[in-house]
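# Architecture at a glance
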Amino acid sequence: GAGVSQSPSNKVTEKGKDVELRCDPISGHTALYWYRQSLGQGLEFLIYFQGNSAPDKSGLPSDRFSAERTGGSVSTLTIQRTQQEDSAVYLCASSQRLAGESEQFFGPGTRLTVL
Amino acid sequence: RKEVEQDPGPFNVPEGATVAFNCTYSNSASQSFFWYRQDCRKEPKLLMSVYSSGNEDGRFTAQLNRASQYISLLIRDSKLSDSATYLCVVNIRNAGGTSYGKLTFGQGTILTVHP
């Protein structure tokens with residue numbers, strides 16, 4: 001079956017613009033996660049969804065970052081007024097149950113470059 | 001102090017060598033432990049879970065020491081295809097045993113296996 005998909009695969013934007021990143025989880029997976037990975041760094045947790053609700057938004061770096069999930073499926077991560085430090089690979093993952101209780105499967109990521 | 005700390009590496013070993021990676025975690029409430037593998041410019045993929053009694057999967061052996069809050073990964077008979085970044089990952093659960101839903105990743109250890 002299809003894995004986690006993300007779009008776009010690459011996004012180059014100018015500082016100050018808004019961007020939307022999309023994640024399509026594996027069908028039937030109730031949990032969905034957003035991480036980001038800067039060059040040479042580990043994964044930084046941003047937010048996770050259980051169904052359509054986000055119990056933990058603690059990882060969002062600032063109020064310029066927001067995410068939503070509708071219909072228990074597709075999720076969108078929005079970054080407003082992008083800054084150069086937002087440049088990173090944004091990874092989405094999904095799992096049947098919560099992290100630690102079932103395997104997380106990652107998408108290929110969206111590489112965001114803010115000029 | 002970082003929640004999950006790993007040997008930074010890089011480790012450069014010849015084919016056939018045995019190599020060990022170490023990882024420590026700071027939160028004693030951590031309950032689930034994993035090793036993920038990430039190839040260059042690819043998404044992370046689960047390599048193996050780590051169980052209290054230690055576990056083995058072919059050439060890979062993972063061990064957990066809860067008292068010392070320490071996890072290890074041993075790779076025997078290294079292959080060229082083992083070259084990757086190895087990520088130590090923990091999941092924290094609350095007192096009721098329910099996952100908090102996010103995984104915390106170490107920065108990763110780079111392994112290069114050469115002919």
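Residues numbered from 1 in each chain as written. Chains lettered and ligands numbered in written order. Predicted model: local features only at pLDDT ≥ 70, side-chain atom pairs only at ≥ 80, totals over all residues. Heavy atoms only, no water.

### Digging into the side chain of Ser49 of chain B
- Within the secondary structure layout, Ser49 of chain B lies in strand 5 (residues 45–50).
- Every residue in contact with Ser49 of chain B, bar those within four places of it in the chain, is listed here: Phe33, Phe34, Asn55 and Ala62 of chain B. (Helix = DSSP H or I, 4+ residues; strand = E, 2+ residues; numbered from the N terminus. Contact = heavy atoms within 4.5 Å.)

### Comments concerning the nonpolar core
- Ranked by internal contacts, the top residues of the largest apolar core, which has 23 residues, are Phe21, Trp35, Ile71, Leu73, Ile75, Tyr86 and Leu111 of chain B.
- Of all the secondary-structure elements, those providing two or more residues to this core are strand 3 (19–25), strand 4 (30–38), strand 5, strand 7 (60–65), strand 8 (70–75), strand 9 (84–93) and strand 11 (109–114) of chain B.
- Setting aside anything within four residues of it in sequence, one finds Tyr86 of chain B in contact with Gln6, Phe21, Trp35, Tyr36, Arg37, Leu47, Phe60, Leu73, Ile75, Gly108, Thr109 and Leu111 of chain B.
- The next biggest cluster of nonpolar side chains, apart from the first, holds 19 residues, and it includes Leu21, Cys23, Leu77 and Val114 of chain A. (Core = buried A, V, L, I, M, F, W, Y, C linked by side-chain atoms within 4.5 Å. Buried < 20%, exposed > 50% of the residue type's maximum accessible area, 1.4 Å probe, protein only.)

### Looking at the sheet that holds strand 3 (residues 19–24) of chain A
Residues and elements named next belong to chain A.
- If you trace the four strands from one edge of the open sheet to the other, you get 1-3-8-7, paired in antiparallel fashion. Of all strands in the sheet, those bounded by a partner on one side alone are strand 1 (5–7) and strand 7 (65–69). With direction set aside, neighbouring strand axes in the sheet form an average angle of 15 degrees.
- One ladder, built from five bridges, connects strand 7 with strand 8 (residues 75–79); its direction is antiparallel. Paired with Glu68 across the bridge in strand 8 is Thr76. (Pairing = 2+ DSSP bridges. Axes fitted to C-alpha atoms, helices over the stretch in contact; angles between N-to-C directions.)

From the geometry alone we can't say anything about function, so treat these as descriptive.
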